[in-house]
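If you want the building blocks of each chain, they are given just below.
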Amino acid sequence: MGYLKLVSLFVLVVQAISWTDAKACGIADIVLILDESTSIRSESYNQQLVFVRKMVESLNIAPGQSQLGILSFASHAKTRFNLNRYTNKADLLKEVKTFKQMTGDTHTWEALELARKTTFKPKNGARPDKVPQIAFVITDGNSQQPDDTAKQAKLTRAAGIDIYAIGVGGGISDKELLNIAGTREKVLLVDDYDHLVEAQHRILDRFCADQPNDQGLCAKADVAFVMDTPNARQVDLAGANEFMRVITKELEIGDRVKVASVPTECVELAKFKLNAHDTKEKVLDALQLHKKSKSGLTSLLSMARSETFTSANGGRSDAKKVIVLVTDGKPGHVSELQAESEKLKSDNFEVFVLGVGDAVDANALKKVATSENHYIAVSDYESLRKKKDDVVAGVCKHPAAKKTKRTLESIIEELSMLEEASG
């Protein structure tokens, strides 16, 4: 075994012994579009397959979770396998090992057209109405017909498919990559195919950062609305109710997300428990029952913490605990509010605060919010709706993934692929 292979072995073993972060990007339909033209040497092609393997290992491929398809292109484009072909990583990776390089010219436009017209279709497993549609184009050179490539990329993006363009080496122009991706934020550059493998985490980080809801499906969350509305008129209450409803319409009510509304009076608790309503329609009906607040902000937050999220009322130990607070008044005693805020943080609650109007104590509310990004100021209740997307994105964001260890078996398999790549 040569020096470089010894170094590779050392690095891989260190990675196995140490803990590494597994990125949680949620659920998506992902298609890898691989350049297999003659300009790619065989050892570089094998490194591209190592990259594919590492991407697969980073995704949660399973029934109802993420799906992966692969296209290849050179002088023509062909489907390696569609999105619904494999529901587990092991079988998928077995087929990847059988890939043989096509060789030929660089017909990138044909691959993009094939992806749009065939791969990302429901009959081949695509779920465009449920999860994001993502394509990664990996190429080391300009296409023979750049105008056609730009045209097909534009049509593909217009069909609701996000494209990431990964340029390998110096043989491809920035213009072509930008034409493929449509935005510079979705263009990534690496020096060569060896660095492509090393850049896998950077590529996934960029992909995950671009997904405001960690893609399509929410994190598992228990969500409670807290409405502190002492200054609200009847029309304002209607605006507050509509705000809760538009957010709820965006959430996956059921096993993934449960919603409650903290009552303004204790006798209303039974109507708003997390486990009281198991469909979106029932939750929306219940939210119409919200009344003007009488309990005070600190009391409402205390009730949410001590009552709403208990297991008896439907709280789940494996779900995020999220409070969405809308308030238009000043807290009675700031010190009491601060003490309750510390309890919420200690109990790992995530609190979004929307301060309505000029009467609120913004400094006090910012201390209640989990972070600066969790505090949103609006001028009136009518403006609440405009902040829907910010709140939904925060509620749905997956928590930091647990750290996982790589297995010795996966290391040995990766080493064998690296050995093949080096000849």
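As the structure is a prediction and not an experimental result, all values here were calculated from the model.

Asks: So what's going on with the overall build of the protein chain? Which residues, and what values?
Replies: Per the secondary structure count, the protein chain includes 15 helices and 13 strands. Per-residue burial for the protein chain yields a buried fraction of 51% across its 423 residues. Of the contacts formed within the protein chain by residues at least 6 apart in sequence, a portion of 78% connects residues at least 24 apart. Counting only carbon and sulfur atoms, one obtains 50% of the accessible surface of the protein chain, whose full area is about 19,600 Å².

Asks: I'd love a proper account of the environment of L34, names of residues and values included.
Replies: Tracing the backbone shows L34 in strand β2 (residues 29-35). Separated by 106 residues in sequence, L34 and D140 have C-alpha atoms that sit 9.9 Å apart. Not counting chain neighbours up to four residues away, the residues in contact with L34 comprise Q48, V52, I70, L71, S72, F73 and I138.

Asks: Describe the packing of helix α9 (residues 234-250) against helix α10 (residues 280-287), with residues and values.
Replies: Orientation of α9 relative to α10, taken along the N-to-C sense of each, is 170°, at an axis distance of 9 Å. Taken together, the axes of α9 and α10 lie roughly antiparallel to each other. Contacts between α9 and α10 involve N241, M244, R245, T248 and K249 on the former and, on the latter, K280, V283, L284, D285 and L287. Split into classes, the residues belonging to the contact of α9 with α10 amount to four nonpolar, two polar and four charged.

Asks: Go over the sheet that holds strand β6 (residues 161-168), please, and point to the residues and values.
Replies: Here we have six strands laid out as an open sheet, ordered β4-β3-β2-β5-β6-β7, and mixed in their pairing. Taken across any chain shown, the strands that pair with only one partner, and hence form the sheet edges, are β4 (77-81) and β7 (187-190). Recorded for the sheet is a direction-independent mean angle of 20° between the axes of neighbouring strands. Looking at chain direction, strand β3 (residues 67-73) and β4 are connected through four bridges and run antiparallel.

Asks: Give a detailed account of the confidence of the model for the protein chain, specifying residues and quantitative values.
Replies: Of all residues in the protein chain, 80% have pLDDT values of 70 or greater, and the mean over the chain is 82. Taken as a whole, residues 212-216 scores under 50 in pLDDT and shows 18 contacts with residues more than four places along the chain or in a different chain. Low pLDDT, under 50, characterises residues 266-270; the predicted model gives this stretch seven contacts beyond four residues in sequence or across chains.

Asks: Give a description of the pairing of strand β8 (residues 221-228) that names residues and reports values.
Replies: With eight of eight residues buried, β8 is to be regarded as a mostly interior element. By the alternation rule, side chains of β8 split into A221, V223, F225 and M227 and D222, A224, V226 and D228, which are all buried. The sheet contact formed by β8 and strand β9 (residues 257-261) spans five bridges and is parallel. Counterpart to V223 in the pairing with β9 is V259.

Asks: Explain the nonpolar core to me, using residue names and the numbers behind them.
Replies: Judged by nonpolar contacts, the single largest core of 36 residues is most densely connected at L32 and F136. Broken down by element, the residue count for this core peaks at seven residues, all from helix α2 (residues 42-58). In terms of nonpolar packing, the next biggest core, distinct from the first, is built from 30 residues, L237, V391, V392 and V395 among them.

Asks: For helix α3 (residues 89-96), give the residues involved together with the corresponding values.
Replies: Considered for burial, the residues of α3 that qualify are L92, L93, E95 and V96. Down the axis of α3, the sector holding all buried residues measures 155°, keeping them to one side. Summarising the contacts, the buried residues of α3 are in contact with α2, β3 and β4. Between a side-chain oxygen at the N-terminus of α3 and the backbone nitrogen of A90 the separation is 3.2 Å; the capping residue is N88.

Asks: Which residues make up the pattern of salt bridges, and what values go with them?
Replies: Counted by the stated rule, this structure contains 14 salt bridges. Note that R305 is salt-bridged to E340, the shortest N-O span being 2.6 Å. Taken together, the residues span a long stretch of sequence, with R305 in helix α11 (residues 297-308) and E340 in helix α12 (residues 334-346) at a distance of 35 residues. Judged by its relative accessible area of 4%, E340 is buried.

Asks: Outline the pairing of β6, supporting the account with residue identities and numerical values.
Replies: Counting buried positions along β6 yields seven of eight residues, so the element is predominantly enclosed. Two elements, strand β5 (residues 133-139) and β6, share seven bridges in a ladder whose sense is parallel. Bridge pairing in β6 places Q133 opposite I161. This β-α-β element, β5 to helix α5 (residues 146-158) to β6, shows right-handed connectivity. Here β6 runs beside β7; their pairing, made up of four bridges, is parallel. The residue of β7 that forms the bridge with G167 is L189. Viewed along the sheet, the connection from β6 through helix α6 (residues 174-181) into β7 turns out right-handed.

Asks: Describe the sheet that holds strand β12 (residues 375-378), with residues and values.
Replies: On the basis of which strands lie adjacent, the open sheet formed by five strands has the order β9-β8-β10-β11-β12 and parallel pairing. At either end of the open sheet lies a strand with only one pairing partner, and these are β9 and β12. With direction set aside, neighbouring strand axes in the sheet form an average angle of 15°. Taken together, the four bridges between strand β11 (residues 349-356) and β12 define a ladder with parallel strand orientation. Bridging across to β12, V356 finds its partner in V378. Strands in contact with α11 are β8, β9, β10 (320-327) and β11; relative to β8, the strand with the most contacts, it is inclined by about 160°.

Asks: A description of the packing of aromatic side chains should follow, citing residues and the corresponding values.
Replies: The geometry of an aromatic ring pair is captured by two quantities: the separation of the ring centres and the angle between the planes. Tallying each qualifying case throughout the model produces four aromatic pairs. On the numbers, 6.4 Å between centres and 45° between planes, the contact of F81 with F99 is tilted. Within this pair, whereas F81 is found in strand β4, its partner F99 is found in the loop between α3 and α4 (108-119), the two being separated by 18 residues in sequence. The same class applies to F81 as to F99, namely buried. Considering the side-chain rings of F136 and Y164, the 5.1 Å spacing of their centres and the 25° angle between planes classify their relative orientation as stacked. Of this pair, F136 sits in strand β5 while Y164 sits in strand β6, and the two are 28 residues apart along the sequence. Each member of the pair, F136 as well as Y164, carries the same accessibility label: buried. Chaining the aromatic ring pairs together yields one cluster made of F81, Y86 and F99. Sitting above the plane of the F99 ring, R80 keeps its charged end 4.3 Å from the centroid.

Quick notes on the rules
Residues numbered from 1 in each chain as written. Predicted model: local features only at pLDDT ≥ 70, side-chain atom pairs only at ≥ 80, totals over all residues. Heavy atoms only, no water. Helix = DSSP H or I, 4+ residues; strand = E, 2+ residues; numbered from the N terminus. Buried < 20%, exposed > 50% of the residue type's maximum accessible area, 1.4 Å probe, protein only. Contact = heavy atoms within 4.5 Å. Areas by Shrake-Rupley, 256 points an atom, 1.4 Å probe, with all protein chains shown as cover. Axes fitted to C-alpha atoms, helices over the stretch in contact; angles between N-to-C directions. Parallel < 35°, antiparallel > 145°, perpendicular 65-115°, else oblique. Nonpolar A, V, L, I, M, F, W, Y, C, P; charged D, E, K, R; others polar. Pairing = 2+ DSSP bridges. pLDDT = per-residue confidence, 0-100. Core = buried A, V, L, I, M, F, W, Y, C linked by side-chain atoms within 4.5 Å. Arc of directions from axis to C-beta. Polar contact = N/O pair within 3.5 Å; in protein donor to acceptor, adjacent residues only side chain to side chain. Salt bridge = Lys/Arg side-chain N within 4 Å of Asp/Glu carboxyl O. Right-handed = clockwise from strand over helix to strand, strands pointing away. Phe/Tyr/Trp six-rings, centres within 6.5 Å; stacked < 30°, edge-to-face > 60°. Lys NZ or Arg CZ within 6 Å of the ring centre and 35° of its normal.

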